Amino acid sequence: MRTFRAWATRLIRRRRAADTAGFTIDTPGLTVVADAFDDTEAASSVLDRASQWDPRRHAVLRHHLVLPVESVPSARELLAEEGWTLRACEADPHPVPAGLDPAANRFVAVRVQHLDALSCSQEASRMASLLQRLRGRALGWDALQPHDRGS
């Protein structure tokens, strides 16, 4: 099973890389075009109110996370299997929910993908499930696209 999963993951990464050629999580000029930090708001509503979001273009999807130190290696490994990069995020302005240490480790899980309401909802659900197992918490997500609206 592990071998099949590794093969499928490599195949998905190759396809994603071909689909997003030239656009990475580090592409200069990215700006936030949509954000969702209210668990009660549907992804479709978030994208409907996102006036700068271009649904024809890929975006960098970022999930803002809080993780205990001992869970970081596991989180990094599990997220990498699905093409996510886990990065420290010290300057996250979003408040830490009650019951969590305000000085907890803040991270963002980032990757390039096509955005739609379904994919945003699915990814938020996957993050919540993963973080529950790792004793962490998802704060919300945002999407970035290049400020230059060309092509």
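Check the entry above for the structure.
Right, let's walk through the structure included here. Note that the coordinates shown come from a computational prediction; the quantities given were computed from them, not determined experimentally.

1. Examining helix α4 (residues 117-133)
- For α4, which comprises 17 residues, the first-to-last C-alpha distance of 25 Å matches the rise-based estimate of 24 Å (1.5 Å per residue) to within 8%.
- Within α4, burial applies to Ser119, Cys120, Glu123, Met127, Leu130 and Leu131. For α4, the arc enclosing every buried residue in end-on projection is 100 degrees, short of the 170-degree limit, so these residues lie on one face. Across α4 from its buried face, at more than 90 degrees, point the exposed residues Leu118, Gln132 and Arg133.
- Structurally, α4 contributes buried residues whose contacts are with α2 (43-49), β2 (59-67), α3 (72-80), β4 (105-113) and β5 (137-146).
- A distance of 3.1 Å separates the backbone nitrogen of Leu118 from a side-chain oxygen at the start of α4, and that oxygen is part of Asp116.
- One or two positions beyond α4, positive phi appears at Arg135, with a value near 60 degrees.

2. Overview of the sheet that holds strand β1 (residues 30-36)
- An order of β1-β5-β2-β4-β3 is seen for the five strands of this open sheet, with the pairing classed as antiparallel. In this open sheet, the two strands that pair with only one neighbour each are β1 and β3 (85-88). Taken over all neighbouring pairs, the strand axes of this sheet differ in orientation by 30 degrees on average, direction set aside.
- Both β1 and β5 contribute to a ladder of six bridges, which runs antiparallel. In the sheet register, Leu30 faces β5, and the bridge partner there is Pro146.

3. Overview of the side chain of His64
- Note on placement: His64 falls in strand β2.
- In terms of polar contacts, His64 uses its side chain to reach the side chain of Asp142, at 3.1 Å.

4. Observations concerning the nonpolar core
- The biggest cluster of nonpolar side chains holds 27 residues, and the ones touching the most others in it are Leu65, Leu67, Leu79, Leu86 and Trp141.
- Looking at this core, the elements with two or more residues in it are β1, α2, β2, α3, β4, α4 and β5.
- Residue contacts for Leu79: discarding those within four places in its chain leaves Leu65, Trp84, Leu86, Ala109, Met127 and Leu130.
- By size, the runner-up hydrophobic cluster in this structure holds nine residues, among which are Leu30, Val60, Cys89 and Leu144.

5. Observations regarding unusual backbone geometry
- Positive phi is not limited to glycine here, since Arg135 has a value of about 60 degrees.
- The topology assignment puts Arg135 in the loop between α4 and β5.

What counts, and at which threshold
- Residues numbered from 1 in each chain as written.
- Predicted model: local features only at pLDDT ≥ 70, side-chain atom pairs only at ≥ 80, totals over all residues.
- Heavy atoms only, no water.
- Helix = DSSP H or I, 4+ residues; strand = E, 2+ residues; numbered from the N terminus.
- Expected span 1.5 Å × (residues − 1).
- Buried < 20%, exposed > 50% of the residue type's maximum accessible area, 1.4 Å probe, protein only.
- Arc of directions from axis to C-beta.
- Contact = heavy atoms within 4.5 Å.
- Polar contact = N/O pair within 3.5 Å; in protein donor to acceptor, adjacent residues only side chain to side chain.
- Pairing = 2+ DSSP bridges.
- Axes fitted to C-alpha atoms, helices over the stretch in contact; angles between N-to-C directions.
- Core = buried A, V, L, I, M, F, W, Y, C linked by side-chain atoms within 4.5 Å.

In short, the description is geometric, and any link to function would need to be established separately.
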